[in-house]
Amino acid sequence: MADKVICITSGKGGVGKSTVTANVATALAMKGYKVVAIDADIGLRNLDLVLGLENRIVYDIVHVVEGVVPPEKALVKDKRTKNLYLLPAAQTKDKSAVKPEDLVKIVEELRDKFDFIFIDSPAGIEEGFRTAVTPADTIIVVANPEMASIRDADRVVGLCEAMQKPEPKLVINRLDPKKVARGDMLDVEDVLQVLNLDLLGVVPEDKNMVSYINRGEPAVLFEESIAGRELRNIAERLLGKNVPIPRWTYSESFLDKLKKLFGSE
Amino acid sequence: MDFKLRGTNVIAIELLTDSSNFDLNEIKRFIAEKRQLLKGSRFILSVEDKTLTLDEVKELLNFFQSVNELTFCGFKTNVKENRELCISLGIPCDLSTMEIEKIKERADNEEVKFFKKTLRSGDKITSTGDIVIMGDVNPGAEVEAGGNVYVMGNLMGFVRAGIGKSEGEVRALYFQAPILEICGKQVPFERKESYVNFRIKMKDGKIKVEHKTGRN
């Protein structure tokens, strides 16, 4: 497995980088792979919240960089999923506390001990982004089906090209088939027309996602979550399996038509 | 109708007409009136921005030959077709200085750049001359050219063409940009409007947009 260091980035904030990182990492760990998720968003730490590990952090990545503890000591073991570890970001420092070469060093130390290393990149295209992308073998760009997110993702892809990284893969997050059918949201083709990347997955909008994040339980743990199912498929595709991407189409049900008729949407 | 006459540096008198005041009968009447003034002079007819037909040229020639007072020396024009027509009839015809200036605008040392990649958001390319892009220009990308811009793909970013010039064109197989600048003039487009086989041209201070119907 050559592509074991995977950086998840987007350019724009709030598109679901941390959620995708947490869920795909959990899905791979559930399949028995040894996975570590590194939160590279120094100063705005939140991957620990999505994984529900916020109360177990003792050391963080800045302690590792400063040489206070070795990387293995700073890792937080997930309470539910065996084989899943988190290297948390520091909340008290900022992005200049970790340099690209520091992260490369940490990743090299962890590389032999894990099957997959996920790096959750900060938003933006400055120092923090470069730090997160530098050690990566594979880059996953997360974009929402809206122009602002697509343009930022496009910029990030251009920067990755300039850094001589392999072409990033694309995850479209928060696609609402209902809105697409109404013409209120861009569809997958529109996004691909601009970005022109390998599509790794399309995660549908899931109204339960907020509660999963608030509870600190990744959606992939729940069979009933539609987003969780697609995030598990993304993990399968990362393993090289050929899982077809479902076409998210929406057709009005009889009940919807009835609701429309009576004007209660 | 009154026409303007002016002396030229080849010791001739030039009668100036253009698309707005070109009228065969008026020209004939004007010359008949000024016969005494034009006596013994070399005469040039300048026709700007108007394409002459074969019949018009022949009629003018017959008329000038019938006027004994002046020596008709030929036409002067800024329209290529006129020049070609005159030359095919064996009549001398000069390109006007305006046209010569425009040709000079395109300096010999201008470069033509080829790009065989998609320009992503944040990318910027420049050239003193023409640019040919074999790929898309995504939203947020910028292209700046002293000459023309040709995009063999989707043009969704910002293009500035014909910088410092009075003529230029931009072509794209598919066009969906909010705004474009050509020869210093900004041309906005409707949001979400898309065009196939798009072409925008700036010539003689006028902007001309051509395209097939939109893709959507």
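Before reading further, recall that the structure is shown in the block above.
Parameters and conventions
- Residues numbered from 1 in each chain as written.
- Chains lettered and ligands numbered in written order.
- Predicted model: local features only at pLDDT ≥ 70, side-chain atom pairs only at ≥ 80, totals over all residues.
- Heavy atoms only, no water.
- Salt bridge = Lys/Arg side-chain N within 4 Å of Asp/Glu carboxyl O.
- Helix = DSSP H or I, 4+ residues; strand = E, 2+ residues; numbered from the N terminus.
- Buried < 20%, exposed > 50% of the residue type's maximum accessible area, 1.4 Å probe, protein only.
- Pairing = 2+ DSSP bridges.
- Axes fitted to C-alpha atoms, helices over the stretch in contact; angles between N-to-C directions.
- Phe/Tyr/Trp six-rings, centres within 6.5 Å; stacked < 30°, edge-to-face > 60°.
- Lys NZ or Arg CZ within 6 Å of the ring centre and 35° of its normal.
- Contact = heavy atoms within 4.5 Å.
- Buried area = accessible area lost by both parts, 1.4 Å probe.
- Polar contact = N/O pair within 3.5 Å; in protein donor to acceptor, adjacent residues only side chain to side chain.
- Nonpolar A, V, L, I, M, F, W, Y, C, P; charged D, E, K, R; others polar.
- Left-handed = near helix turned anticlockwise from the far one by under 90°.

**A look at the pattern of salt bridges**
Piece 1. Summed over the entire model, instances satisfying the criterion amount to 30 salt bridges over all chains.
Piece 2. One salt bridge in this structure joins K12 of chain A and E146 of chain A, with 3.7 Å as the shortest N-O distance. Placement of K12 of chain A in the loop between β1 (5-9) and α1 (17-30) and of E146 of chain A in the loop between β6 (138-143) and α7 (147-162) is noted, with a sequence separation of 134 residues between them.
Piece 3. A relative accessible area of 30% means that E146 of chain A is categorised as partly exposed.
Piece 4. Three or more residues joined by partner-sharing salt bridges are found here, namely K124, E142, E144, R160 and E181 of chain B.

**Details of the pairing of strand β12 (residues 168-175) of chain B**
All names here are of chain B.
Piece 1. Most of β12 sits out of view: 6 of its 8 residues are buried.
Piece 2. Here 5 bridges tie strand β10 (residues 149-155) to β12, and the two strands are oriented parallel to one another. Residue pairing in the sheet places Y150 in a bridge with R171 of β12.
Piece 3. Bridge analysis of β12 against strand β15 (residues 195-203) gives 7 bridges, and the strand direction is antiparallel. Following the sheet pairing, R171 is matched in β15 by R199.

**What to know about the sheet that holds strand β13 (residues 179-182) of chain B**
Residue and element names in this part refer to chain B.
Piece 1. Here 5 strands make up an open sheet; going across it, the order is β7-β9-β11-β13-β14 and the pairing mixed. Both outer strands of the open sheet, β7 (124-127) and β14 (185-188), are each paired with one neighbouring strand and no more. Within this sheet the neighbouring strands show an average axis-to-axis angle of 10°, counted without direction.
Piece 2. Sheet topology note: the strand β9 (residues 142-145)/strand β11 (residues 158-161) ladder contains 3 bridges and is parallel. Note on β11: the bridge partner recorded for V143 is V159.

**Overview of the packing of aromatic side chains**
Piece 1. Enumeration over the complete set of coordinates arrives at 16 aromatic pairs over all chains.
Piece 2. A centroid spacing of 4.8 Å and a plane angle of 65° characterise the contact between F175 of chain B and F189 of chain B, whose relative ring orientation is edge-to-face. Of the two residues, F175 of chain B sits in strand β12 while F189 of chain B sits in the loop between β14 and β15, which places them 14 residues apart along the sequence.
Piece 3. For F175 of chain B, a relative accessible area of 0% gives the class buried.
Piece 4. For F189 of chain B, a relative accessible area of 14% gives the class buried.
Piece 5. The aromatic ring of F114 of chain A is capped on one face by K34 of chain A, whose charged end is 4.9 Å from the ring centroid.

**So, the interface of chain A and chain B**
Piece 1. Taken residue by residue, the interface counts 12 residues in chain A and 12 residues in chain B.
Piece 2. Taking both partners together, chain A and chain B bury about 970 Å²; carbon and sulfur atoms supply 40% of that area.
Piece 3. The partner of E161 of chain A in a salt bridge is R120 of chain B, with the nearest N and O atoms 3.8 Å apart.
Piece 4. Taken together, the links from chain A to chain B amount to 7 residue pairs in polar contact (both at pLDDT 80 or more).
Piece 5. Looking at the side of chain A that touches chain B, the elements that each hand over two or more residues are α7 and α9 (188-195) of chain A.
Piece 6. Of all the elements, α7 of chain A adds the most residues to the side of chain A that touches chain B, at 7 residues.
Piece 7. Looking at the side of chain A that touches chain B residue by residue, the classes come out as 5 nonpolar, 3 polar and 4 charged.

**Some thoughts on the packing of α7 of chain A against α9 of chain A**
Residue and element names in this part refer to chain A.
Piece 1. For the pair α7 and α9, interaxial distance at closest approach is 10 Å and the crossing angle is 30°. In this structure, the crossing between α7 and α9 has a hand that is right-handed. Taken together, the residues of α9 that come into contact with α7 (itself represented by I150, A153 and D154) are V191, V194 and L195.

**Let's talk about the environment of S166 of chain B**
Residues and elements named next belong to chain B.
Piece 1. Mapping S166 onto the fold places it in the loop between β11 and β12.
Piece 2. By relative accessible area, which is 31% here, S166 ends up partly exposed.
Piece 3. For the pair S166 and M202, spaced 36 residues apart in sequence, the C-alpha to C-alpha distance is 7.2 Å.

In short, shape yes, function no, at least from these values alone.
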